[in-house]
Amino acid sequence: MSAANFSKKFIFNENIDADYLYSLYEDDYQYIEEIFQTTLAHFNEDLNSIKTAYQTNNISDLKKAIHKIKPTFGFVGLPFVQNICNDFEDICQNATSSNDLTSEYQQIVVTLAESKELIASEYNKLKEFNSNIL
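Residue positions within a chain follow its written sequence, with the count starting from 1. Under the rules for a predicted model, residues below a pLDDT of 70 receive no local features and side-chain atom pairs below 80 are neither given nor counted, while totals for whole chains, interfaces and linings still include all residues. Each side-chain value is worked out from all heavy atoms of the structure, with water and hydrogens disregarded.

What about the packing of helix α2 (residues 29-55) against helix α5 (residues 102-131)?
The relative placement of two packed helices comes down to the angle between their axes together with the axis-to-axis distance.
Now for step 1: Every axis in this analysis is a line fitted to C-alpha atoms, fitted for helices over the stretch in contact. Angles between the N-to-C directions lie between 0 and 180 degrees. Secondary structure elements are defined from DSSP: runs of H or I of at least 4 residues count as helices, runs of E of at least 2 residues count as strands, and each element is numbered from the N terminus. Running from N to C, α2 and α5 point in directions that differ by 155°, and their axes come no closer than 9 Å. By the angle between their directions, the pair α2 and α5 is classed as roughly antiparallel. Two packed elements cross with a definite hand, and for α2 against α5 that hand is left-handed.
Now for step 2: Throughout this entry, Asp, Glu, Lys and Arg are counted as charged residues, while Ala, Val, Leu, Ile, Met, Phe, Trp, Tyr, Cys and Pro are counted as nonpolar. The remaining residues, Gly among them, count as polar. Residue classes in the contact of α2 with α5 are distributed as 16 nonpolar, six polar and five charged. For this classification, under 35 degrees means roughly parallel, over 145 means roughly antiparallel, 65 to 115 means roughly perpendicular, and everything else is oblique. Handedness of a helix crossing follows the sense of rotation of the near helix relative to the far helix, less than a right angle counterclockwise being left-handed and clockwise being right-handed.

Notes on the confidence of the model for the chain
Now for step 1: pLDDT: the predictor's confidence for each residue, scored from 0 to 100. Overall, the prediction assigns the chain a mean pLDDT of 92, with 93% of residues at 70 or greater.
Now for step 2: What makes two residues a contact is simply this: any of their non-hydrogen atoms within 4.5 Å. Segment residues 1-6: pLDDT under 50, and one contact once partners within four positions in sequence are set aside and those in other chains are kept.

Some remarks on the pattern of salt bridges
In a structure, side chains of opposite charge can pair up when their charged atoms sit close to one another.
Now for step 1: A pairing counts as a salt bridge when a side-chain nitrogen of Lys or Arg comes within 4 Å of a carboxyl oxygen of Asp or Glu. Within this structure, the stated rule accounts for three salt bridges.
Now for step 2: The salt bridge involving Lys-68 is made with Asp-46; its shortest N-O contact spans 3.2 Å. Of this pair, Lys-68 sits in helix α3 (residues 59-75) while Asp-46 sits in helix α2, and the two are 22 residues apart along the sequence.
Now for step 3: Note on exposure labels: buried denotes an accessible area under 20% of the residue type's maximum, exposed denotes more than 50%, and partly exposed covers the range between, all computed with a 1.4 Å probe on protein chains only. The exposure class assigned to Asp-46 is buried, which follows from its relative accessible area of 9%.
Now for step 4: Residue Lys-125 is joined to Glu-122 by a salt bridge in which the shortest nitrogen-to-oxygen separation is 2.8 Å. Note that Lys-125 and Glu-122 are positioned in helix α5 at a spacing of three residues, about one turn of the helix.

In structure tokens form, the structure reads like this:
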């Protein structure tokens, strides 16, 4: 019997696409933990770039900031948030000012904040899980 048969399986939050994560990282939970940690380390800076660009009515920087944070969500198993970012980026293409984006902006900021909480929660669970592996 191989060692893999004895390995514990981490149960991801239902909002995280575990199959997608496994397709990227297999069951390397240490590496997944590292990806989540790195994501969290840069999250506030990236979110602040989005907020600053919106508040200063800089649509070009807003598109860049959304474009920069977008792949992050794929790396942590949240491709639906990645798609939301993509949609917002598309909407920015036609915007001439921040006022054109008010409701979409408010929605995406809430989505990003909720995503950060989910990533942080999963990161803490992964850290605990990985510390208990033999």
